Amino acid sequence: MGDSKIGRDEEFQAFITASWPRLLRTAYLLAGEQYAAEDLVQSTAEKACAAWSRVRRADDPHAYVRRILVNQFARRTRRRPPELLVPAVPDTASAEDGFARSDQRGALLAALATLPPRQRQAVVLRHWEDLSDSQAAAAMGCSVGAVRSHAAKGIAKLRQVTTLVELKDTTHIGGAV
């Protein structure tokens with residue numbers, strides 16, 4: 001009995017170690033802060049460990065754990081309103097200063113943080129995790145139509161963010177991306 005427990009523990013540890021970077025990236029995009037993302041992934045790992053026998057038997061263990069992560073994030077955002085704590089970014093970006101990508105990333109993270117939680121989930125899962133509508137629906141626990149609606153509304157709001165539009169315009173001058 002002891003050997004099988006050790007084998008399960010090692011299997012779980014290997015799975016979480018391999019999955020951690022991707023889970024952390026997804027959590028960061030959802031939560032908007034490094035410390036909150038780390039906390040979210042840690043609590044997800046705890047839940048996955050407790051349910052490891054079900055996780056390992058799932059058709060796609062990564063999708064199962066991603067669903068745990070999205071559910072953990074949803075629980076946290078229901079408990080309290082999300083805080084908008086985004087690292088400061090420079091006021092302007094130019095194609096020549098080398099910080100344009102950093103400016104874009106900071107502005108995008110700030111804009112993502114303003115989206116309601118379900119829209120943020122849909123945008124992150126569809127456009128950063130590159131999940132299909134049905135995979136995102138499974139991760140969010142909703143219908144495909146709801147994912148499409150939340151993602152479309154979220155993208156529409158992001159397109160209205162002046163900072164993102166200005167950054168796009170300034171970083172394309174002179175051929176820079």
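Colleague: Whenever I open this one, the overall build of the protein chain confuses me. Can you help?
Modeller: Counting its regular elements, the protein chain contains nine helices and zero strands. Going residue by residue from the N terminus, the α and β elements of the protein chain occur as α-α-α-α-α-α-α-α-α. Put simply, the protein chain has 177 residues, and 38% of those count as buried. Surface accessibility of the protein chain: about 10300 Å² in total, with carbon and sulfur atoms responsible for 54%.

Colleague: Just to check I follow, could you spell out the pattern of salt bridges for this structure?
Modeller: Pairs may arise between side chains of opposite charge once their charged atoms sit close together. A complete count under the given rule lists six salt bridges for this structure. In this structure, Arg-76 engages Asp-39 in a salt bridge whose closest nitrogen and oxygen atoms are separated by 3.0 Å. Separated by 37 residues along the polypeptide, Arg-76 in helix 4 (residues 61–79) and Asp-39 in helix 2 (residues 34–50) bring together distant segments of the chain. Its relative accessible area of 18% is what places Arg-76 among the buried residues. Of the residues examined, Asp-39 reaches a relative accessible area of 43% and is grouped as partly exposed.

Colleague: When you look at the side chain of Ser-19 in this model, what are you seeing that I'm missing?
Modeller: Here Ser-19 lies in helix 1 (residues 2–31). For Ser-19, a relative accessible area of 6% gives the class buried.

Colleague: Explanation requested: the packing of aromatic side chains in the structure shown.
Modeller: How two aromatic rings sit relative to each other is given by the distance of their centres and the angle of their planes. If you walk through the whole model with that rule in mind, you get two aromatic pairs. For the ring pair Phe-15 and Trp-52, a centre distance of 5.2 Å and an interplane angle of 50° mean the geometry is tilted. Taken together, the residues Phe-15 in helix 1 and Trp-52 in helix 3 (residues 52–57) connect sequence positions 37 residues apart. Pair check on accessibility: Phe-15 and Trp-52 agree, each one buried. Taken together, the ring pairs in this structure connect Phe-12, Phe-15 and Trp-52 into an aromatic cluster.

Colleague: Explanation requested: the nonpolar core in the structure shown.
Modeller: The tendency in soluble globular proteins is for nonpolar side chains to be buried as a group. Among the nonpolar cores identified, the biggest contains 28 residues, and Ala-27, Val-41, Val-65, Leu-69, Leu-112 and Leu-158 are the most heavily contacted of them. It is helix 1 that contributes the most residues to this core, nine residues altogether. Look past the residues within four positions of Val-41 in its chain and what remains in contact with it is Trp-20, Leu-23, Leu-24, Ala-27 and Leu-69.

Colleague: Teacher, can you tell me more about the packing of helix 6 (residues 117–128) against helix 8 (residues 144–159) here?
Modeller: Helix-helix packing is characterised by the crossing angle of the two axes and by the distance between the axes. Their axes nearest at 8 Å, the elements helix 6 and helix 8 cross at an angle of 95°. Classified by the interaxial angle, the pair formed by helix 6 and helix 8 is roughly perpendicular. Contacts from Arg-118, Gln-119, Ala-122, Val-123, Arg-126 and His-127 in helix 6 reach Val-147, His-150, Ala-151, Lys-153, Gly-154, Ile-155, Lys-157 and Leu-158 in helix 8. Residue composition of the contact of helix 6 with helix 8, by class: six nonpolar, four polar and four charged.

Rules of the game
Residues numbered from 1 in each chain as written. Predicted model: local features only at pLDDT ≥ 70, side-chain atom pairs only at ≥ 80, totals over all residues. Heavy atoms only, no water. Helix = DSSP H or I, 4+ residues; strand = E, 2+ residues; numbered from the N terminus. Buried < 20%, exposed > 50% of the residue type's maximum accessible area, 1.4 Å probe, protein only. Areas by Shrake-Rupley, 256 points an atom, 1.4 Å probe, with all protein chains shown as cover. Salt bridge = Lys/Arg side-chain N within 4 Å of Asp/Glu carboxyl O. Phe/Tyr/Trp six-rings, centres within 6.5 Å; stacked < 30°, edge-to-face > 60°. Core = buried A, V, L, I, M, F, W, Y, C linked by side-chain atoms within 4.5 Å. Contact = heavy atoms within 4.5 Å. Axes fitted to C-alpha atoms, helices over the stretch in contact; angles between N-to-C directions. Parallel < 35°, antiparallel > 145°, perpendicular 65-115°, else oblique. Nonpolar A, V, L, I, M, F, W, Y, C, P; charged D, E, K, R; others polar.

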